[in-house]
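Next come the chains, spelled out residue by residue.
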Amino acid sequence: MKWEDEGIVIAVRPHGETSTIVQLLTHSHGRHAGLVRGGQSARLRGLYQVGNRVAATWSGRLADHLGSFDCELVRSFAAEVMDEPDRLAALVSAAAVCEGAIPEREPHPACYVGMLALLDALGGDHWAEVYVRWEMGLLAELGFGLDLSRCAGGGDNDQLSYISPKSGRAVSLSAGAPYKERLLPLPSFLLGRGEGGENEVVDGLAMTGFFIERHLFHPHNKPLPKARQMFAQRFEKDALAKVSLGQHLSSEKEA
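Anyway, here's the lowdown on the structure attached to this text. Per chain, residue numbering runs from 1 following the sequence as it is written. With the structure being a predicted model, the display of local features is reserved for residues of pLDDT at least 70 and the display and counting of side-chain atom pairs for 80 or more, all residues being used for whole-chain, interface and lining totals. To get the side-chain values, take all heavy atoms of the structure and skip hydrogens and water.

## Regarding the state of the cysteines
The following threshold applies: The disulfide criterion is simple: two cysteine sulfur atoms within 2.5 Å. Between buried and exposed lies partly exposed: a residue is buried under 20% and exposed over 50% of the maximum accessible area for its type, with that area taken using a 1.4 Å probe on protein chains only.
Summed over all chains, the structure comprises zero disulfides. The closest cysteine sulfur to the non-disulfide-bonded Cys98 is located on Cys111, 6.7 Å from its own sulfur. With a relative accessible area of 1%, Cys98 lands in the buried category.

Right, dumping it as structure tokens:
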């Protein structure tokens, strides 16, 4: 058995003394694992970095065997963000979510295309907002899309401000006011209002993280991946630090 496809490296683990087991998110074959002989060598470690886009050839005796990968590098997204800790954390987080959430060997071309778009966006100004949109797209592709089209409580659709953790549907400002402690904030940029910003991204990560853990990990008795938790915590910490710095500078100007 043999096939060729394009893929993104989402996990690499040692196997024996010299080889590795590599997980790829492929365009046409879903999340797929394979053995890389000599994968721990200096020559191949740079090729099989999480986040790298590769041209992959898989071969095995039978279709359900682990098989082996032989890949060529197409683009090293990992190297492009290596000096940007927040963006690198987003890349590692996305890879961990893909590995844990996408069923093995089940084709999901939209997941591959979305992941590729996210990796490409990591070099842009609004990469964090794109990350939140990517997680929403992943939920939708796997059957758990959020409904932001109308208010679940019959309120004004022009002031959607919350999302129900029970139904995954948007709730308006007026309808949600009495229950806002039990609702999740809905970032305005997801509704096409404004470009986002760090505070809205923090809310967005909390929202998508809640539903990803609930729908994609809890049913398998797994927590949200540690890399995803660390990325959200890191981003929130950086956002708070910038707010604190801004307030300090403002106070100095007034003085």
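## Observations regarding the packing of helix 3 (residues 85-101) against helix 5 (residues 127-141)
Rules: Here the axes come from fitting lines to C-alpha atoms, over the contacting stretch only for helices, and the angles between their N-to-C directions go from 0 to 180 degrees. Numbering goes from the N terminus for both helices and strands, where a helix is a DSSP run of H or I of at least four residues and a strand is a run of E of at least two. Throughout, the term roughly parallel applies to angles under 35 degrees, roughly antiparallel to angles over 145, roughly perpendicular to angles from 65 to 115, and oblique to all others. Whether two residues are in contact is decided by their heavy atoms, any of which lying within 4.5 Å being enough. Polar here means any residue other than Ala, Val, Leu, Ile, Met, Phe, Trp, Tyr, Cys and Pro, which are nonpolar, and Asp, Glu, Lys and Arg, which are charged; Gly is therefore polar.
The geometry of helix 3 relative to helix 5 is characterised by a closest axis approach of 11 Å and an angle of 5° between their N-to-C directions. Accordingly, the angle class assigned to the pair helix 3 and helix 5 is roughly parallel. When helix 3 is examined against helix 5, the residues Asp86, Arg87, Ala90, Ser93, Ala94, Val97 and Cys98 are found in contact with a partner set consisting of Trp127, Tyr131, Trp134, Glu135 and Leu138. For the contact of helix 3 with helix 5, the class distribution of residues is eight nonpolar, one polar and three charged.

## Looking at the side chain of Ser19
With respect to the helices and strands, the residue Ser19 is situated in strand 2 (residues 19-26). Judged by its relative accessible area of 10%, Ser19 falls in the buried class. In contact with Ser19, other than residues within four places in its own chain, are Arg13, Pro14, Leu35, Val36, Arg37, Gly38, Gly39 and Gln40.

## A closer look at the pattern of salt bridges
What counts here: Whenever Lys or Arg places a side-chain nitrogen within 4 Å of a carboxyl oxygen from Asp or Glu, that contact is recorded as a salt bridge.
This model, assessed by the stated rule, comprises seven salt bridges. Notably, a salt bridge pairs Glu6 with Arg53, separated by 3.0 Å at the nearest N-O pair. Placement of the pair is Glu6 in strand 1 (residues 2-15) and Arg53 in strand 4 (residues 52-59), with a sequence separation of 47 residues. Residue classification places Glu6 among the partly exposed residues on the basis of a relative accessible area of 31%. Between Arg75 and Asp120 there is a salt bridge, with the nearest N and O atoms lying 2.9 Å from each other. Highlighted residues: Arg75 in strand 5 (residues 68-76) and Asp120 in helix 4 (residues 109-121), separated in sequence by 45 residues. Among the residues examined, Asp120 registers a relative accessible area of 46% and is labelled partly exposed.

## Some words on the sheet that holds strand 8 (residues 184-185)
Quick note on the threshold: Note on pairing: DSSP must find at least two bridges between two strands before they are called paired.
Taken together, three strands build an open sheet; the order of strands is 7-6-8 and the sheet is antiparallel. The sheet terminates laterally at strand 7 (170-172) and strand 8, the two strands that pair on one side only. Where strand 6 (residues 160-163) meets strand 8, two bridges bridge the pair, whose relative direction is antiparallel. Bridging across to strand 8, Ile163 finds its partner in Leu184.

## Some words on the nonpolar core
Selection rule: Think of a nonpolar core as a cluster: buried Ala, Val, Leu, Ile, Met, Phe, Trp, Tyr and Cys residues, connected wherever their side-chain atoms sit within 4.5 Å.
Counting 56 residues, the largest nonpolar core has Met115, Tyr131, Trp134 and Met207 as its most contacted members. Counting residues per element, the ones that place at least two in this core are strand 1, helix 3, helix 4, helix 5, strand 6, strand 7, helix 7 (198-217) and helix 8 (226-254). When near neighbours in sequence (up to four residues on either side) are disregarded, Met207 contacts Met136, Leu146, Ile163, Leu184, Pro185, Leu186, Pro187 and Leu190. Judged by nonpolar contacts, the second largest core, of 13 residues, contains Leu24, Val36, Leu44 and Ala56.

## A word on helix 4
Cut-off, in case you're wondering: Expected helix span is given by 1.5 Å per residue-to-residue step, counting one fewer step than there are residues.
Its 13 residues place the ends of helix 4 18 Å apart at the C-alpha level, agreeing with the 18 Å of an ideal helix rising 1.5 Å per residue. Buried residues in helix 4 make contact with strand 1, strand 2, strand 4, helix 2 (77-80), helix 3 and helix 5.

## Here's the deal with the pairing of strand 4
The alternating pattern of strand 4 places Asn52, Val54, Ala56 and Trp58 on a buried face, while none of Arg53, Ala55, Thr57 and Ser59, on the opposite face, is buried. Of the pairings in the sheet, the one linking strand 1 to strand 4 comprises seven bridges and is antiparallel in character. In the strand pairing of strand 4, Glu6 is matched with Ala55. Note: strand 4 against strand 5, eight bridges, orientation antiparallel. Each residue of the ladder has a partner; that of Val54, found in strand 5, is Leu73.

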